[in-house]
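# Remarks on the overall topology
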Amino acid sequence: MSAPLTTLGHDTDGDGIPDLDELDRLYSRTMTYSINALLLRHSISSNYYNGPFMVNVWSYHSNPALEDTDGDGMLDGRARYLLNGVEVGPDVVGARMVAPPDPNPRRRDGPEGIWHNHMDAMRGDVPNSLGDLLVVESFNHLLRNGITLDDLAEGARRTWDVTWNAMRSSAGHTVRLITRRSDEPINAMSVLNAILTPVGSAYVTVNGSALLSSTFRMDDQRMAIHASDDYPLKYMGYNYLVDVGLNIINDDKAIVSRFEFEHNGHDLVIWGWMGDYLMCGSGAEVGIYKTPSNILGVDHWWNVRPSANIELYMTLSLYGQNSRNNFSNILSWAPTTPQWWVNGFKPTSNIRAETMVMINSIDFSRNVGMFNSLKETFEHGGRNWQYKDYVIFDDNDGNETVWIIRWGDNVR
Ligand SMILES: [Ca+2]
Ligand SMILES: [Ca+2]
Ligand SMILES: [Ca+2]
Ligand SMILES: [Ca+2]
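To keep things clear, this report deals only with the structure shown in the data block. (Residues numbered from 1 in each chain as written. Chains lettered and ligands numbered in written order. Predicted model: local features only at pLDDT ≥ 70, side-chain atom pairs only at ≥ 80, totals over all residues.)

Our focus in this paragraph is the overall build of the protein. Helix and strand content of the protein: 11 helices and 19 strands. Burial status across the protein gives 44% buried among its 412 residues. (Helix = DSSP H or I, 4+ residues; strand = E, 2+ residues; numbered from the N terminus. Buried ≥ 20, exposed ≤ 12 C-beta atoms within 10 Å, placed from the backbone.)

Printed below as a string of structure tokens:
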């Protein structure tokens, strides 16, 4: 260490925690058993030992000479920030937070190497605004993969009746469905027709959603496509059928994260998916929804609009595992405007959900109360306790950011 422990507040490794706090508590520990065992092993009479039997040790919360005690890529006591690819302190203007403080400085959190890979990916240019309007490319992707109109219809038939009823009653006035099954040669419009006709809201809310309002856009760096949050879903809400739809439609089962909590008398849910989306390729999405209403036996989760203080700054990164300790960045997205829903899809990628890792951040500084309500549900005895390993709460230094790191079952 670079200063005596008597120098209060000194932080040798600069990780935000003073040396003394990293060392935690000094206590006296007996060494009698170990010393006697050693003497016995070497057949030495205890009469020959006249040293101490008690030693003073630190209980050691984290290493005062290392920023990242457990080497998992998250620092012991502070979040990590980048500006133009260079790691900087939190106070640098324009710096973007890319990793939370380590919730467990002495135990690796998340899949091995993921935070290192994430830091590397974030050093590059991360798209933060929308660019081209995009419709044709996702259709081409669909067709390239040999998916026929009959495939779409078959996959959706089972859920159609109930989703249609729910959709009609909840959102019929906001969405004009195209209900004609086209027999024309395959082109973008006939694919659109085929999708919307049999699938209904399950498809509309997951894969076809943005197509309804033509707001699928490529980000400004052409890394991935994004559905704008200003589209019919906000009038319709999500429900469990979305999960059903996603799982039927894709060969690959989606990984779903679903955290329920209450705030100010509202039932809220943070709901995320990742997987290989039929039309859009490898993708992920996370949204905040509130107040379920039961329509024809189906709970609908309505989004949080128009309450501006529930639109929050969110980021999303998606990775596919190549091998142990090695992840490829599928997409990253850090929009500069607050969202109730963040999403990204890469039509040219077909990574399976079980080898994916999603890293999502939600900055609750616009709504600290909601942060606290959510956090309580991840504490021992709370309703989301079972998911605690997937969520990191950063309330250090005035941050109120929630990080969701979700990985598939096959990630090693
Ligand atoms: Ca330190
Ligand atoms: Ca340290
Ligand atoms: Ca660490
Ligand atoms: Ca850790």
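So much for the structure itself; the text now carries on.
A few words now on unusual backbone geometry. Positive phi values are uncommon outside glycine, yet Asn84 reaches one of about 55°. Although it is not a glycine, Arg222 adopts a positive phi angle of roughly 55°. With respect to the helices and strands, Arg222 occurs in the loop between β7 (216-219) and β8 (225-227).

A word on helix α2 (residues 32-41). Of all 10 residues making up α2, only zero are buried, and the element is barely covered by its neighbours. In the stretch just after α2, Ser43 is the one whose phi turns positive, near 50°.

Strands in a sheet are paired, the pairing made by backbone hydrogen bonds, and the direction either parallel or antiparallel. One open sheet accounts for five strands, arranged β15-β14-β17-β19-β18; its pairing is antiparallel. At either end of the open sheet lies a strand with only one pairing partner, and these are β15 (326-333) and β18 (391-394). Pairwise comparison of adjacent strand axes, ignoring direction, gives a mean angle of 15° for this sheet. Two strands pair when backbone bridges link them, and β18 and strand β19 (residues 401-407) are joined in this way by four bridges, in the antiparallel orientation. By the bridge assignment for β19, Asp394 is matched with Thr401. (Pairing = 2+ DSSP bridges. Axes fitted to C-alpha atoms, helices over the stretch in contact; angles between N-to-C directions.)

Pairing is antiparallel across the open sheet formed by three strands, whose spatial order is β4-β3-β5. What marks the edges here is a single partner per strand, and that holds for β4 (86-88) and β5 (96-99). On average, each strand axis in the sheet is tilted by 50° relative to the strand beside it, whichever way the strands run. Alignment of strand β3 (residues 80-83) against β5, held across three bridges, turns out to be antiparallel. Along β5, the bridge assignment pairs Arg80 with Ala99. Where helix α3 (residues 114-123) meets the sheet, its contacts fall on β3 and β5, and the angle it forms with β5 comes to roughly 155°. (Contact = placed C-beta atoms within 7 Å.)

Further remarks concern the nonpolar core. Formed by 63 residues in total, the largest nonpolar core has its most connected members in Met274, Leu318, Met356, Val357 and Val402. The biggest single contributor to this core is strand β11 (residues 266-277), with six residues. Not counting residues up to four positions away in its chain, the partners in contact with Leu318 are Met274, Ser282, Ala284, Ile330, Leu331, Gly344, Met356 and Met358. (Core = buried A, V, L, I, M, F, W, Y, C linked by C-beta atoms within 7 Å.)

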